[in-house]
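Residue-level listing of the chains:
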Amino acid sequence: MMPKAAVLLLLLLGCLAAAAAAAEAGEAAELAVAVDPSWRFPSQRLRDAYVALQTWKQQAIFSDPRNLTGDWVGPAVCGYTGVFCAPLPEGAPGAGELAVAGVDLNHGDIAGYLPPELGLLADLALLHLNSNRFCGLVPAALRRLRLLAELDLSNNRLVGAFPGVVLELPALRFLDLRFNDFEGAVPRELFDRPLDAIFLNHNRLRSPLPDNLGNSPASVIVLADNAFGGCLPASLGNMSATLNEILLINNGLDSCVPPEVGLLRELTVFDVSFNSLVGPLPPQVAGMRKLEQLDVAHNLLSGPVPDAVCALPRLKNLTISYNFFTGEPPSCARVVPSDGDARNCLPNRPAQRTPQQCAAFYSRPPVDCAAFQCKPFVPVPPLPPPPPAYPGPLPPVYPMPYSSPPPPARYR
Ligand SMILES: *[C@@H]1O[C@H](CO)[C@@H](O)[C@H](O)[C@H]1NC(C)=O
Ligand SMILES: *[C@@H]1O[C@H](CO)[C@@H](O)[C@H](O)[C@H]1NC(C)=O
Ligand SMILES: *[C@@H]1O[C@H](CO)[C@@H](O)[C@H](O)[C@H]1NC(C)=O
C-alpha cells in the first residue's frame, strides 16, 4: 500500500487537482506573478497580457519540449513565440490600440493546464492550442474573451462536462474541441449559437443529440466517435441552405434515417457509418443534389438502395457495406467502390452475408420508424410577403389638395 502522504502528494500534484484549484480561484485571484515595477507597458491591456502569459508559463506549464515559451521573457509580449499582436478593430473599445489578438501554440506538445488568468487575454480573437497536453478543465474565466472568434483546443487532455463557457462567447464562429475527454451531454444552446464550424469528435459525450441541432447555421459539423445514441435528429432538414458536411460516425445512433435529410441541398459529405441505424435508406436522400460522399456502412439498414440515390449527379463514393440491403440498382456500379457493398444481402454480389444471416434478419418484424418517437422537423411555412414598401417619398403634410375642398367660387 502507498503511504498516505504519498497519496496526498500525488493528489496535490495531479494536473486535475491543480487545474481545479486554479479554476475555483477564478477571476478574483490575486495577481499570480510579480511585475517588475520599473517596467512601463504601452497599455494596461498589454500589462494584463503579460500577467496572463507569465502565469501560464511559470505556474501552469510543466513541460515544453519544443521550448516554445523559452522566449516568453520580459514585458514585450508581442515578441513572444506564438503570440500575435494587432490593433484592435474598429468598433471595439480601444479601437486602434495594440493588443494580443492571437495565441497559436498548435503542435506544441506542451503539458500543463489552462489557468483562469487566460481570461486576462481579453482581446484575443484566436486561441489555437491543438496537439498539446493541456489537461484539467476549461476555465470559466475565458468568458471575458469577448472578441474570440476561433477556439481550437483539439487533441489535448481536457476533461469535465462540455465547457459551457464557449456558449458565452459572442464572437465565436469556429469551435474545435475534438480529441479530448469531455463527457456528458452536448447542451442544446450550442446549436443556437452562430457557429460556422463545430468539431466535437472523439470525446466521451453521451445522451441523445438535442433535437434543435438543425438550428445551427454551421457549414461543417463533426460529432464522430462519441456515444450519443438515440435519434439522428430530423431537424437537420432546417440546415438546407448552410450545411456542407456532417460526420456522425460511430455515435451509437439507433433510429431510422429521417427523410428530412433530403432537404440538405448544399450538403457534399454525409457520413453516418458505424451506427445502429435501421429501416430503409429513404429515397428522399436523393434530394441532397450536391452530395459527393455518402457513407452508411456498418448499420442495420435494409431493403433496396434507391436508384435515384446512386444516380445523384455529383456522387463519387457511396459505401453501403455491412448492412442488410437487398437490392442495388445498376446505377450504383458507378459510385460504389469495389468492396463498398460487401456484407449485405445483395443477390449476385461477392462477399455478402450468408443466406442464413439474411433470413434471420428478415424474419424479424419490419422496422416501425415512428416507434422511435424522434421529433419530426416541421418546416416553418415561408412568411407571407410583406406589403410593398411605400413607393416614394411621403407626401408633404401641407398642402392637402384632396382633403381640403377648393374654396367656393365667390371668394375668388
Ligand atoms: C529555450 O529558448 C531560450 C530562448 O530562446 C533559450 O535561451 C534557451 O537556451 C532554450 N532552452 C533550451 C533547453 O533549448
Ligand atoms: C430553423 O432554424 C432557425 C435558426 O436558424 C430557427 O430559428 C428555427 O426555429 C428553426 N426551425 C425549426 C422548424 O426548427
Ligand atoms: C470511399 O469512402 C470510404 C469511406 O467513406 C473509403 O474508405 C474509401 O477509401 C473511399 N473509396 C474511394 C474509391 O474513394
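Whatever comes next refers back to the structure up there.
Residues numbered from 1 in each chain as written. Chains lettered and ligands numbered in written order. Predicted model: local features only at pLDDT ≥ 70, side-chain atom pairs only at ≥ 80, totals over all residues. Heavy atoms only, no water.

Novice: Help me understand the site of ligand 1 in this model?
Specialist: As a structural note, the neighbourhood of ligand 1 is formed by N67, G70 and D71. Contacts to ligand 1 include N67, whose side-chain N or O atom sits 2.3 Å from an oxygen atom. Computed on the free molecule, ligand 1 has an accessible area of 360 Å², of which 25% lies beneath the protein chains in the complex. (Near = heavy atom within 4 Å. Polar contact = N/O pair within 3.5 Å; in protein donor to acceptor, adjacent residues only side chain to side chain. Areas by Shrake-Rupley, 256 points an atom, 1.4 Å probe, with all protein chains shown as cover.)

Novice: How should the nonpolar core be read in this particular structure?
Specialist: Nonpolar side chains in soluble globular proteins tend to end up buried together. Residues W56, V103, L190, L236 and F270 are the most contacted members of the largest nonpolar core, which totals 93 residues. Mapped onto this core, the elements with two or more residues apiece are α3 (44-60), β3 (98-104) and α4 (307-310). The dominant element in this core, judged by the number of residues it contributes, is α3, at 8 residues. Setting aside its immediate chain neighbours within four residues, L236 contacts L213, G214, L243, I246, V261, L264 and F270. Formed by 8 residues, the second largest nonpolar core is a distinct cluster that contains V220, V222, A224 and L247. (Core = buried A, V, L, I, M, F, W, Y, C linked by side-chain atoms within 4.5 Å. Buried < 20%, exposed > 50% of the residue type's maximum accessible area, 1.4 Å probe, protein only. Helix = DSSP H or I, 4+ residues; strand = E, 2+ residues; numbered from the N terminus. Contact = heavy atoms within 4.5 Å.)

Novice: In this structure, what is going on with unusual backbone geometry? I would like to understand it.
Specialist: The general pattern is negative phi for most residues beyond glycine and trans for most peptide bonds. Phi angles above zero are rare outside glycine, and N250 is one such case at about 55°. One can find N250 in the loop between β14 (245-247) and β15 (269-271). Assessed through its relative accessible area of 36%, N250 is described here as partly exposed. Residues other than glycine seldom take positive phi values, yet Y322 does so here, at roughly 55°. Structurally, Y322 can be placed in the loop between β19 (317-319) and β20 (324-327).

Novice: Please clarify how the packing of aromatic side chains should be interpreted in this entry.
Specialist: Within a pair of aromatic rings, the relevant descriptors are the distance that separates the centres and the angle that separates the planes. Under the criterion given, the structure shown has 10 aromatic pairs. Each ring, one from W72 and one from Y80, has its centre 5.6 Å from the other, and the planes form 20°; the classification is stacked. For W72, a relative accessible area of 1% translates into the label buried. In textbook terms, an aromatic cluster arises when at least three aromatic residues are bridged by ring pairs, as seen for W56, W72, Y80 and F134. The cationic tip of R178 hangs over the ring face of F199; the distance from NZ or CZ to the ring centre is 4.3 Å. In this structure, R353 packs its charged tip against the face of F324, placed 4.0 Å from the ring centre. (Phe/Tyr/Trp six-rings, centres within 6.5 Å; stacked < 30°, edge-to-face > 60°. Lys NZ or Arg CZ within 6 Å of the ring centre and 35° of its normal.)

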